[in-house]
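# Fold and contact review
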Amino acid sequence: MRLTLHVWRQAGRDDTGSFETYQADGISESMSFLDMLDLVNEELAQEGKEPIAFDHDCREGICGSCGVMIDGVPHGPKSMTTACQVHMRSFKDGDEIWVEPWRATSFPVIRDLVVDRSPFDRIIEAGGYISVRTGSVPDANTTPISKGAVETAMDAAVCIGCGACVAACPNASAMLFTASKVAHLALLPQGQPERYDRVLKMVDVHDEEGFGNCTNHGACEVACPKGISVDYIAQLNRDLVRATLSFRPEKGTAE
Amino acid sequence: MELNARIPAGPIEQKWDRHRFDMKLVNPANKRKYNVIIVGTGLAGASAAATMGELGYNVQAFTYHDSPRRAHSIAAQGGINAAKNYQSDGDSIYRLFHDTVKGGDFRSREANVYRLAQLSLNIIDQAVAQGVPFAREYGGLLANRSFGGAQVSRTFYARGQTGQQLLLGAYQALERQVNAGTVTMHTRHEMLDLVVVEGRARGIVTRDLLSGKVESHSADAVILATGGYSNVFFLSTNAKLSNVTATWRAHRRGAGFANPCYTQIHPTCIPQSGDYQSKLTLMSESLRNDGRIWVPRKKGDDRSPERIPEGERDYYLERLYPAFGNLTPRDIASRRAKEMVDAGQGVGPLKNGVYLDFRDAIDRLGKQAVSDRYGNLFAMYEKITGEDPYREPMRIYPAPHYTMGGLWVDYNLMSNVPGLFVIGEANFSDHGANRLGASALMQGLADGYFVVPITIGDYLSGTPPWTGGSGDAAFRDVERDAKARTDRLLSAKGTRTVDSFHMELGRLMWDLCGMERNAEGLEEALEKIPKLREAFWNDVTVPGSGETLNQSLEKAGRLADFLEFGELMCRDALERDESSGAHYRREHTTEEGEAKRNDDEFAHVSVWEYRGEGEVPVEHREELEFEHVPLSQRSYK
Ligand SMILES: Cc1cc2nc3c(=O)[nH]c(=O)nc-3n(C[C@H](O)[C@H](O)[C@H](O)COP(=O)(O)OP(=O)(O)OC[C@H]3O[C@@H](n4cnc5c(N)ncnc54)[C@H](O)[C@@H]3O)c2cc1C
Ligand code: FES
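Turning our eyes to something else, we now look at the overall build of chain B. Along chain B, the regular secondary structure elements total 17 helices and 19 strands. By the compact-globule yardstick of 26 Å for 637 residues, chain B fits well, its C-alpha radius of gyration being 24 Å. Oriented by its inertia axes, the alpha-carbon framework of chain B measures out at about 75 × 60 × 50 Å. Taken across its 637 residues, chain B has 66% of its residues classed as buried. Considering only intrachain contacts with a sequence separation of at least 6, the fraction spanning at least 24 residues in chain B is 73%. Element-wise, carbon and sulfur atoms account for 46% of the exposed surface of chain B, whose accessible area totals about 21,700 Å². Once the 77 positive and 85 negative side-chain charges of chain B are each reduced to a mean point, those two points are 4 Å apart.

Further remarks concern the pairing of strand 1 (residues 35-39) of chain B. Residues and elements named next belong to chain B. Counting buried positions along strand 1 gives 4 out of 5 residues, so the element sits mostly inside the fold. Where strand 1 meets strand 2 (residues 58-62), 5 bridges bridge the pair, whose relative direction is parallel. Paired with Val-39 across the bridge in strand 2 is Phe-62. You can see the chain leave strand 1, run along helix 3 (residues 43-55) and come back into strand 2, and the turn it takes is right-handed.

Glancing now at the interface of chain B and chain A. If you look at the interface, chain B gives 75 residues, while chain A gives 71 residues. Both faces combined, the contact of chain B with chain A buries some 6,200 Å², and carbon together with sulfur accounts for 50% of it. At the junction of chain B and chain A, the tally comes to 6 salt bridges. Residue Arg-188 of chain B pairs with Asp-55 of chain A through a salt bridge whose shortest N-O separation is 2.9 Å. The tally of links from chain B across to chain A stands at 48 residue pairs in polar contact (both at pLDDT 80 or more). In terms of residues, the side of chain B that touches chain A owes the most to one element, helix 6 (residues 162-180) of chain B, which gives 9 residues.

In a regular helix each residue adds 1.5 Å, so 14 residues correspond to 20 Å; helix 1 (residues 33-46) of chain A covers 20 Å between its end C-alpha atoms and thus fits that length. Among the 14 residues in helix 1 of chain A, 12 count as buried, and that is most of the element. Structurally, helix 1 of chain A contributes buried residues whose contacts are with strand 1 (3-9), strand 2 (18-24), strand 3 (69-70) and strand 5 (96-100) of chain A together with helix 14 (498-513) of chain B. Positive backbone phi, approximately 75 degrees, marks Gly-48 of chain A, located one or two places after helix 1 of chain A.

The next point concerns the layout of surface pockets. Residue and element names in this part refer to chain B. In this structure, the second largest pocket spans a volume of roughly 780 Å³. If you trace the second largest pocket, you find 37 residues lining it, with Arg-249, Arg-252, Arg-485, Glu-564 and Glu-613 closest to the centre. Elements with a minimum of two residues in the lining of the second largest pocket: strand 6 (189-197), helix 7 (245-252), helix 13 (473-492), helix 15 (519-539) and helix 16 (551-575). Counting the residues that make up the lining of the second largest pocket, at least three belong to each of domain 1 (30-264 + 402-471) and domain 3 (473-623).

A few words on the packing of helix 3 of chain B against helix 12 (residues 440-460) of chain B. Residues and elements named next belong to chain B. At their nearest, the axes of helix 3 and helix 12 sit 8 Å apart, and the two run at 30 degrees to each other. What the angle tells us is that helix 3 and helix 12 run roughly parallel. Judged by the sense of rotation from one axis to the other, the crossing of helix 3 with helix 12 is right-handed. Contacts from Leu-43, Ala-44, Ser-47, Ala-48, Thr-51, Met-52 and Leu-55 of helix 3 reach helix 12 at Leu-441, Gly-444, Leu-445, Gly-448, Tyr-449, Val-452, Pro-453 and Ile-456. For the contact of helix 3 with helix 12, the class distribution of residues is 11 nonpolar, 4 polar and no charged.

Looking now at the nonpolar core. Core analysis: the largest hydrophobic core is formed by 222 residues, its most contacted members being Ile-80, Phe-134 and Phe-536 of chain B. For Phe-134 of chain B, the residues in contact, after removing those within four places along its chain, are Val-150 of chain A together with Ile-80, Ile-124, Ala-127, Val-128, Leu-142, Phe-156, Tyr-157, Ala-158, Thr-162 and Leu-166 of chain B. Ranked by size, the runner-up nonpolar core spans 28 residues in total, among them Phe-33, Val-40, Cys-84 and Val-86 of chain A.

This next bit is on the domain arrangement of chain A. All names here are of chain A. When cut into domains, chain A gives domain 1 (3-110) and domain 2 (118-247). Each of domain 1 and domain 2 has a C-alpha centre, and the two are 29 Å apart. Viewed at the interface, domain 2 and domain 1 are joined by 0 salt bridges. Remark: the boundary between domain 1 and domain 2 carries 5 residue pairs in polar contact (both at pLDDT 80 or more). Looking at the side of domain 1 that touches domain 2 residue by residue, the class counts come to 9 nonpolar, 6 polar and no charged.

Tallying each qualifying case throughout the model produces 11 cavities of 30 Å³ or more. For the second largest cavity, the calculated volume is near 800 Å³. Together, 48 residues line the second largest cavity, and His-56 of chain A together with Leu-241, Gln-551, Ser-552 and Lys-555 of chain B are the ones closest to its centre. Residue contributions to the lining of the second largest cavity peak at 7 residues, all from helix 16 of chain B.

The rules behind the values
Residues numbered from 1 in each chain as written. Chains lettered and ligands numbered in written order. Predicted model: local features only at pLDDT ≥ 70, side-chain atom pairs only at ≥ 80, totals over all residues. Heavy atoms only, no water. Helix = DSSP H or I, 4+ residues; strand = E, 2+ residues; numbered from the N terminus. Rg over C-alpha atoms; globule rule 2.2 N^0.38 Å. Buried < 20%, exposed > 50% of the residue type's maximum accessible area, 1.4 Å probe, protein only. Contact = heavy atoms within 4.5 Å. Areas by Shrake-Rupley, 256 points an atom, 1.4 Å probe, with all protein chains shown as cover. Lys, Arg positive; Asp, Glu negative; His and termini not counted. Charge placed at Lys NZ, Arg CZ, Asp CG, Glu CD. Pairing = 2+ DSSP bridges. Right-handed = clockwise from strand over helix to strand, strands pointing away. Buried area = accessible area lost by both parts, 1.4 Å probe. Salt bridge = Lys/Arg side-chain N within 4 Å of Asp/Glu carboxyl O. Polar contact = N/O pair within 3.5 Å; in protein donor to acceptor, adjacent residues only side chain to side chain. Expected span 1.5 Å × (residues − 1). 1 Å grid on protein atoms, 1.4 Å probe; cavity = no way out; pocket = protein on both sides within 12 Å on 5 of 7 lines; lining within 4 Å. Points joined across faces, edges and corners; volume = space filled by probe spheres on them. Domains from an automatic or database assignment. Axes fitted to C-alpha atoms, helices over the stretch in contact; angles between N-to-C directions. Parallel < 35°, antiparallel > 145°, perpendicular 65-115°, else oblique. Left-handed = near helix turned anticlockwise from the far one by under 90°. Nonpolar A, V, L, I, M, F, W, Y, C, P; charged D, E, K, R; others polar. Core = buried A, V, L, I, M, F, W, Y, C linked by side-chain atoms within 4.5 Å.

Shown next as structure tokens:
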């Protein structure tokens, strides 16, 4: 099939950027969306023009590198599917497709479709872990954990950190991302000792990084390629309230 | 080149313990005076960085990804082995050790493998303490599944996302150390070269992928955790960016490259759908438990599968291997599929696959039971191919998947260049000529959490903190080399794209040094690769500049190294005039058509020494001894 692509091109952080139009010819249904971009890039390179920059790596929907707005929708038309797993059979001959980077103040565009998602690392750095030293841990079967608890934790832990939730949210909030880690760890016995400390620290950094507040819009859940539920945000909020009321050390007191 | 494996004395069960006692330690107060560079933050690198930061070393970690969480390790599906014997089914450290040596077709080092089996227990404890949500039984204890090549159930898993959950555990431990200030993370930085000063590894030269700046970083030791080189074949199951640059550049600076010809082909991948496909997708091997593999008896049969009557189907694995049937080991299943396709019996639009059929399983167990077992895999298959495996058989074909070869290391995981350590898939150490399923995650984490953080102390305690720093003239020379290469790539301004060369190299490697090799083909490859390399340097086009994010330039640099490395791989395959594990030489087969080892002449590790551009590399050997697992021939009939 033959498609018309309008792709966001931006030379660098400080450039204003604009859409460029390309014709993509000879696209087969079995190609993935990124294979299609590869093909367009091959032609550009052949003509000595600079290919479209986009992040990608695994092309299996697990590394979270890829992520573009396709016709205004994070990761494109197929639900629970990353851009790399969208195949061209979702489009038809003659379609016009608009391809843009994630749009969020906290994710500045680096080049073309590539954005800076390092704030996610900093949210994890603030407390998205269980503080155990290598080697000084008990035998793995010491604490039985119910199958149900592990499955619910796993439903949150499957987050791939792609940023679609932020791109979808009208407030550019990263609450679904933050909540998925908070919930994953809070649902397991190992995560209890640092539970309230963790949620406070992670939410603080979330806010410092300039992500917006969650107003229960729910667009994040729809956009999430892993289907992570907004219920986890509710759980984060409960922990946050508890932590703020009873846990947060008074300002000025020694910790 | 001196190869001393430094295997500790004593009974195999006590070697690691004794060695830990015999090694010198770095005084806790001195640790922060030592700078350690870790390149790569996949399972091996992230776990090493987290642990060494915790121990008090000053760690600088590098990755070309925008976050450590994106490393190729994230894609591992099936699981991780450990000899916990939680199922009480007769497993033990000794059994895991035995299976791994045998599965590696007697081309690995017994002492290393034994240590790996011992440490497997600690890995599971560590991961669970970090909150890795491994699957559980109803009673709340950890669940296990079985995997190829083992008769016990010792594989731990987190749905089909075991690699993801283990990597996130290691990544979180790493970020905790970033927060503590012991690890500095350099994302979007690619190592272009190793710096060796007076015979010791002293640092690296990197390119900042955003600004294009070439920078030097010095340290007291360098650890490479940069993964495998399956992408020499262009199409593989590895992540698109995985490459050989770090280990190849270290090789050029003196590190021996061991067994580069050992590359594993995975039997159950989705066949290529067209010329522009960029990568192949693995379907978990567990599908072979219930799926039946077949091709039409008639060549070029164009009927749809349901219209081919039973009598005209060839269930060739069941026919050839009545005892193991569809569950023969990876290498055998792969080779037989290739034979069928080569004989013109392939299926699918490009006639490049074989069927993996669930019809009988669905009849026997019901659709629901099949869906409970494989639902997510069926959904993934449908997403990619648009075909419904409940209604028509899947199509599968083998694809390059994992590389057992890598930089040579001693028992301490140090290469022959003092101060250069290599961990994870990047080294050659534990899998011999063939890796068993669910053992790569185990090895990467054993190396990173439990081996290198300890063994590096033995090296560092003998060398005072280095004061030379990146001001040393050696760094300027290496920087100059790196810049010159970049400039040369940008200024070639030829007519062909980087990918077109990579596809050509990949096809050549697959045809001549892939699943089956022979002397004639390998000699042909050794003639063709230098020519392709020359064509590349003269005729490649790399648009854009070196001062910004330039993905074409990144690809070109990586391909330039693959074009050198591919030649070494073919040379090693030619020199290894036997079949062993995944290395299958057509000249050396048993009467049953299986790989035939030659233990008298080839029970060794081949370690290659670089001698300069255009020079023939020199082969050195580490002889292998098998004291505990008696040499025997595999049979799956
Ligand atoms: C589809 C698939 C499924 C698999 N499933 C399983 C399984 O179920 N069980 C199992 O045990 N194994 C499995 N494996 C194998 C296993 O995943 C890998 O062998 C293992 O994860 C490798 O880990 P690593 O840490 O050595 O390297 P990687 O995870 O590849 O990490 C390499 C790191 O090095 C960095 N890097 C590389 N070069 C440079 C450079 N020049 N400069 C800067 N950074 C660099 C990368 O950015 C990355 O951070 C699977 C493999 C594949 C392809
Ligand atoms: S490329 Fe990894 S999720 Fe899309």
